[in-house]
Amino acid sequence: MTDTNSAGVTSVSSRRVIIGSIAASIAFVMELTLVPLLLPVIQEQFSLSIGELAWVFNSYGIAVAIGVLVGGLLGDAFKAKRVFAVGVLLFASGSAAVAIAGSHELILAGRILQGFGGGVFSPLIPLLLTRSSPNRPGKVLIVWGSVAGYVAAFAPFFYGSTLAVYGWNLAFLIFAAVSFGALVIVYQSPEQDQPAPFKISMSNYTELFRSPGLWAMFGYVFCTYGAITYYLFRLPLWLADNDYQFANIGLTLSVMWLSFSVVSTLLRNWVDEPHVRGILLSAPVLIACGFPIAYFCPGIACLLLSAILVGSGLACSNAPSTQLILKFAPKDMGAVSASLDITFARLGGVATVAVFAQSMFGYAVFAVFLMSLIAFCCAMAAAKRFNESS
């Protein structure tokens, strides 16, 4: 009887961790997909310049990039669930602070707190999920990815069509409520994970910095995610300036994320050694093609085609880049390398938005083409290293 009850408690505990982790992931994903949609409204309410608005967007990205490194390191040194809970609490508190902010400065402070918390807990989600389902880790990760992907796809269209009349603040209240709920669910489960002792020496870090393939992939991630992040930031503003309706802007973003989800699903059995090079190289091509279509071909049909191409480019860069980064990572440095992967992606977005926020959209199209060309060259170099090491 005791063993049965114990097993039952463990099962309930695991389900709580899985549900809470996925709920926190939903809040994190909704921030990524909804905030670009809300930028024109925030700009209008607070009379912000494009440069000030860029910092509203970028402050979060910088904080995430820092938080990811902190979360990755602390998650290995301490119990992952506790570090996760702290990150979720910070994210929820920052979201609530933004929702009630009455000034540009308070929005920035809330965004920094929100982003740092999101950075801390986001890299721990797959760790908690796989530990909670050790016998079927693949299934729980697929469920997580599917839920997150389709939330990302439909959240902008749903919010733009139904909840937009209640104001932009409601979105941040939703982020706070969902993440607070996730925190309660996860923290009700008993501790199951033990911190792993640090075994990484300076020689590991030296090997990391001397890996040409790894740094080629970091350059690839910096450029591709930089271009996509700029697309998410600038396109809604450009469409709002050209009198597109809020619902149409939401539809365009939803189509982009839906394309990402569908293509990612289709590629799940193709992202292996024989095909990874071709998928990796196709991403910057798709991104470079998607940008000029949005700018030079007016009309909702061309906008949707642009969104499909950019979303497909994101799907083609996402899994292959992570696969190669883990392939090139030195022994016992997988978690650190994965954290750096996310950090370089965020920094690429921050840098691109900061440099081109006030540029004409047409000039940015040319800049994105150059970034895509650099990413293509990085992919060629990484693929060569990959073939040599296989």
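Refer to the preceding data block for the structure.
I will try to describe carefully the structure that is included in this document. Counting from 1, residues in each chain are numbered in the order their sequence is written. It should be noted that, the model being predicted, local features are given only for residues of pLDDT at least 70 and side-chain atom pairs only at 80 or more, the latter also being counted only at that level, while totals for whole chains, interfaces and linings use all residues. Note: side-chain values were computed over all heavy atoms of the structure, leaving out hydrogens and water.

Only DSSP runs of H or I reaching four residues or more are called helices, and only runs of E reaching two or more are called strands; each is numbered from the N terminus. In terms of helices and strands, the protein carries 14 helices and 0 strands. Along the protein, helices and strands appear, N-terminal first, in the series α-α-α-α-α-α-α-α-α-α-α-α-α-α. Residues classed as buried in the protein amount to 52% of the 390 residues present. In this analysis, two residues are considered to be in contact whenever any of their non-hydrogen atoms come within 4.5 Å of each other. Residue pairs in contact within the protein that sit at least 24 positions apart in sequence constitute 86% of those at least 6 positions apart. Accessible surface, the protein as shown: approximately 16,900 Å² in total, 68% of it carbon and sulfur. When accessible area is computed with a 1.4 Å probe and restricted to protein chains, residues below 20% of their type maximum are described as buried, those above 50% as exposed, and intermediate ones as partly exposed. Using the Shrake-Rupley algorithm and a 1.4 Å probe, accessible areas are obtained, with residue cover drawn only from the displayed protein chains.

So, on to the packing of aromatic side chains. Pairing of aromatic side chains requires ring centres within 6.5 Å, counting the rings of Phe and Tyr and the six-membered ring of Trp. Pairs whose planes differ by under 30 degrees are stacked, by over 60 edge-to-face, and all others tilted. Tallied over the full model, the rule gives 16 aromatic pairs. With a centroid separation of 5.2 Å and 50° between ring planes, the pair formed by Phe57 and Phe233 is classed as tilted. Residue Phe57 is located in helix H2 (residues 50-77), and its partner Phe233 is located in helix H9 (residues 212-241); the two are separated by 176 residues in the primary sequence. Neither residue differs from the other here; Phe57 and Phe233 are each classed as buried. Centroid distance Phe91 to Phe121: 5.7 Å. Interplanar angle 90°. Geometry classified as edge-to-face. With a gap of 30 residues between them, Phe91 in helix H3 (residues 80-100) and Phe121 in helix H4 (residues 104-121) connect regions that are remote in the sequence. Given a relative accessible area of 0%, Phe91 falls into the buried group. Three or more aromatic residues link up through ring pairs in this structure, and these residues are Phe28, Phe84, Phe91 and Phe121.

When two helices pack together, their arrangement is given by the angle between the helix axes and by the axis-to-axis distance. Only C-alpha atoms enter the line fits that serve as axes; for helices the fit covers just the stretch in contact. Angles between N-to-C directions range over 0 to 180 degrees. Interaxial distance between helix H11 (residues 276-296) and helix H12 (residues 300-328) falls to 7 Å at its minimum, and their mutual angle equals 155°. By the angle between their directions, the pair H11 and H12 is classed as roughly antiparallel. The chirality of how H11 crosses H12 is left-handed. Basically, the charged four are Asp, Glu, Lys and Arg, the nonpolar ten are Ala, Val, Leu, Ile, Met, Phe, Trp, Tyr, Cys and Pro, and anything else, Gly included, counts as polar. Here the residues of the contact of H11 with H12 are counted per class, giving 17 nonpolar, 8 polar and no charged. Throughout, the term roughly parallel applies to angles under 35 degrees, roughly antiparallel to angles over 145, roughly perpendicular to angles from 65 to 115, and oblique to all others. Here a crossing is taken to be left-handed if its near helix is turned anticlockwise relative to the far helix by less than a right angle, and right-handed if that turn runs clockwise.

Right, let's talk about the environment of Ile325 for a bit. With respect to the element layout, Ile325 can be found in helix H12. When the C-alpha atoms of Ile325 and Phe218 are compared, they prove to be 7.9 Å apart, with 107 residues separating the residues in sequence. In this structure, Ile325 is in contact with Leu214, Met217, Phe218, Val221, Ser337 and Asp341, ignoring residues within four places of it in sequence.

This part is about the nonpolar core. Grouped together as the largest cluster of nonpolar side chains are 117 residues, with contacts concentrated most on Phe84, Tyr220, Phe233 and Met256. For this core, the element with the most residues is H9, which contributes 18 residues. Apart from the residues lying within four places of it in its own chain, the contact partners of Tyr220 are Leu280, Ala283, Pro284, Cys316, Ser317, Ser321, Ala375, Cys378 and Ala379. We call a set of buried Ala, Val, Leu, Ile, Met, Phe, Trp, Tyr and Cys residues a nonpolar core when their side-chain atoms join them within 4.5 Å.

A few words on the side chain of Arg111. By the element assignment, Arg111 lies in helix H4. By relative accessible area, Arg111 is classed as buried at 1%. When residues no more than four places from it in sequence are discounted, the contact partners of Arg111 are Glu31, Val35, Val56, Phe57, Ser59, Tyr60, Val98 and Phe172.

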